[in-house]
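A closer look at the structure
Below are the chains, spelled out letter by letter.
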Amino acid sequence: MRIWVDGGLRDTADATVSVFDHGLTVGDGVFETLKAVHGTAFATTRHLRRLARSARGLGLPEPDLDEVAAACTAVLEANQVAFGRLRITYTGGLSPLGSDRGDSGPTLVVALAPSTPRPDTTAVVTVPWTRNERGALAGLKTTSYGENVVALARAHEHGASEALLANTRGLLCEGTGSNVFVVVGGRLLTPPLESGCLAGITRALVVDWAGAEEADLPFDVLDRADEVFLTSSLRDVQAVHRVDDRGLPGAPGPVTAKAMRVFAERAAEQVDP
């Protein structure tokens, strides 16, 4: 694989960053994951705008989005992958061993890895840990992903692909790497951004294209929702057939199936919506 590191493509063995990079030592960085199909990334403009928002929120220098876009194009052209995960990582760069940032400028890495299209349905679990909707990193897509690693490992231990979290107010928030939608009484609902969830790219498109409503939802809505589905860049829209020990027979249900169909159709029409 050829990987973009700070200004150019490098072979995998030479694609390195310093052990003093702030993204490594303290998680001081932001990132984006884009779906790439046969050399074309989906919703690139939205992802780059969110990268910039996350960088501003973390206090990093404004990324040169033209450079980032060029790096993405170079990586996609250099690596022939039918279906892949395009990852942009933007960090605080060389810094002292501590929370203070250095003055050498940020690090930019763009890499591509093969992936597998998701199955139509999956299982999820709920976990006891919470999202802090009032935290400094709330709503930012940062590389400080330790909490997600722990929660996702719990999901895998229970035969699930995702873990769902509440926020500190006991309201449904999000998954470790996905947004969550529920169907209650025929209404398609998803937590608002004020819940602390990430402003997911796929989430926003589903809200627009499928007519979902934002609503504060108690965490136990998962015990009674008629349908549940997840959204993310690589999942697109994915139905949930089990929440903890509660089965959701017939998944995807009618509302979820419609959202899946509409998203697939609209995404095929607009590669950069």
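It should be noted that the structure appears before, not after, this text.
Residues numbered from 1 in each chain as written. Predicted model: local features only at pLDDT ≥ 70, side-chain atom pairs only at ≥ 80, totals over all residues. Heavy atoms only, no water.

Turning to the overall build of the chain, a few remarks are in order. A tally of regular secondary structure across the chain gives 6 helices and 15 strands. Here the chain has a C-alpha radius of gyration of 19 Å; the compact-globule value for 273 residues is 19 Å, and the two agree. Dimensions of the chain, computed from the C-alpha atoms along their principal axes, are close to 55 × 40 × 30 Å. In the chain, which comprises 273 residues, the proportion classed as buried is 48%. Residue pairs at least 24 apart in sequence account for 69% of intrachain contacts in the chain once pairs closer than 6 positions are excluded. Total accessible area computed for the chain in this model is approximately 12,400 Å², and 52% of it derives from carbon and sulfur atoms. The chain carries 26 positive and 34 negative side-chain charges, and their two centres are separated by 4 Å. (Helix = DSSP H or I, 4+ residues; strand = E, 2+ residues; numbered from the N terminus. Rg over C-alpha atoms; globule rule 2.2 N^0.38 Å. Buried < 20%, exposed > 50% of the residue type's maximum accessible area, 1.4 Å probe, protein only. Contact = heavy atoms within 4.5 Å. Areas by Shrake-Rupley, 256 points an atom, 1.4 Å probe, with all protein chains shown as cover. Lys, Arg positive; Asp, Glu negative; His and termini not counted. Charge placed at Lys NZ, Arg CZ, Asp CG, Glu CD.)

A separate point is the pattern of salt bridges. Following the criterion strictly, the structure yields 11 salt bridges and no others. Between Lys35 and Asp236 there is a salt bridge whose closest N-O contact spans 3.0 Å. Taken together, the residues span a long stretch of sequence, with Lys35 in strand β3 (residues 29-37) and Asp236 in strand β14 (residues 236-243) at a distance of 201 residues. Under the relative-accessibility criterion, Asp236 is labelled buried at 16%. Each member of the salt-bridge network shares a partner with another, and the members are Arg131, Glu147 and Glu174. (Salt bridge = Lys/Arg side-chain N within 4 Å of Asp/Glu carboxyl O.)

Let us now look at the packing of helix α5 (residues 201-210) against helix α6 (residues 254-269). Where α5 meets α6, the axes come as close as 10 Å, and the angle between the chain directions of the two elements is 105 degrees. When the axes of α5 and α6 are compared, the pair comes out roughly perpendicular. In this structure, α5 uses Thr202, Leu205, Val206, Trp209 and Ala210 to contact α6, whose residues at the interface are Ala259, Val262, Phe263, Arg266 and Ala267. Its residues placed into classes, the contact of α5 with α6 shows 8 nonpolar, 1 polar and 1 charged. (Axes fitted to C-alpha atoms, helices over the stretch in contact; angles between N-to-C directions. Parallel < 35°, antiparallel > 145°, perpendicular 65-115°, else oblique. Nonpolar A, V, L, I, M, F, W, Y, C, P; charged D, E, K, R; others polar.)

Right, let's get into the packing of helix α2 (residues 44-58) against α5. Where α2 contacts α5, the axes come no closer than 10 Å and their chain directions differ by 125 degrees. With respect to α5, the axis of α2 lies oblique. When you trace α2 past α5, the crossing you get is right-handed. Counted together, Arg46, His47 and Arg50 of α2 and Ile201, Ala204 and Leu205 of α5 form the full contact between these two elements. Among the residues making up the contact of α2 with α5, the classes are represented as 3 nonpolar, 1 polar and 2 charged. (Left-handed = near helix turned anticlockwise from the far one by under 90°.)

Taken together, 6 strands build an open sheet; the order of strands is β2-β1-β6-β5-β3-β4 and the sheet is antiparallel. Here the strands that pair on one side only, and so sit at the sheet edges, are β2 (8-11) and β4 (40-41). In the sheet, strand β1 (residues 2-5) pairs with strand β6 (residues 107-114) via 2 bridges, with the strands oriented antiparallel. When the sheet's bridge partners are listed, Trp4 is paired in β6 with Val110. (Pairing = 2+ DSSP bridges.)

Attention now goes to unusual backbone geometry. The peptide bond linking Ala251 to Pro252 adopts the cis configuration, its omega dihedral lying at 0 degrees. Mapped onto the fold, Pro252 is located in the loop between β15 (246-247) and α6. Although it is not a glycine, Asp6 sits at a positive phi angle of roughly 45 degrees. Here Asp6 lies in the loop between β1 and β2. Owing to a relative accessible area of 43%, Asp6 belongs among the partly exposed residues under this scheme. Unlike most non-glycine residues, Ala43 shows phi in positive territory, near 55 degrees. Along the chain, Ala43 turns up in the loop between β4 and α2.

This part covers the nonpolar core. If you look at the biggest cluster of nonpolar residues, it comprises 23 residues, and the most contacted ones within it are Leu86, Ile88 and Val110. If sequence neighbours within four positions are ignored, Val110 has contacts with Ile3, Trp4, Ala71, Cys72, Val75, Leu86, Arg87 and Ile88. (Core = buried A, V, L, I, M, F, W, Y, C linked by side-chain atoms within 4.5 Å.)

On to helix α3 (residues 65-78), then. Here α3 contains 14 residues, and its C-alpha end-to-end distance of 20 Å stays within 8% of the 20 Å for a straight helix at 1.5 Å per residue. Residues of α3 that are buried: Val68, Ala71, Cys72, Ala74, Val75 and Leu76. Two to three positions downstream of the cap, the backbone nitrogen of Asp66 sits 3.1 Å from a side-chain oxygen, assigning the N-cap of α3 to Asp64. (Expected span 1.5 Å × (residues − 1). Polar contact = N/O pair within 3.5 Å; in protein donor to acceptor, adjacent residues only side chain to side chain.)

Relative to the assigned elements, Glu77 resides in helix α3. Relative accessible area serves as the criterion here: at 58%, Glu77 is assigned to the exposed category. Spatially, the C-alpha atom of Glu77 lies 10 Å from that of Leu112, the residues being 35 residues apart in sequence.

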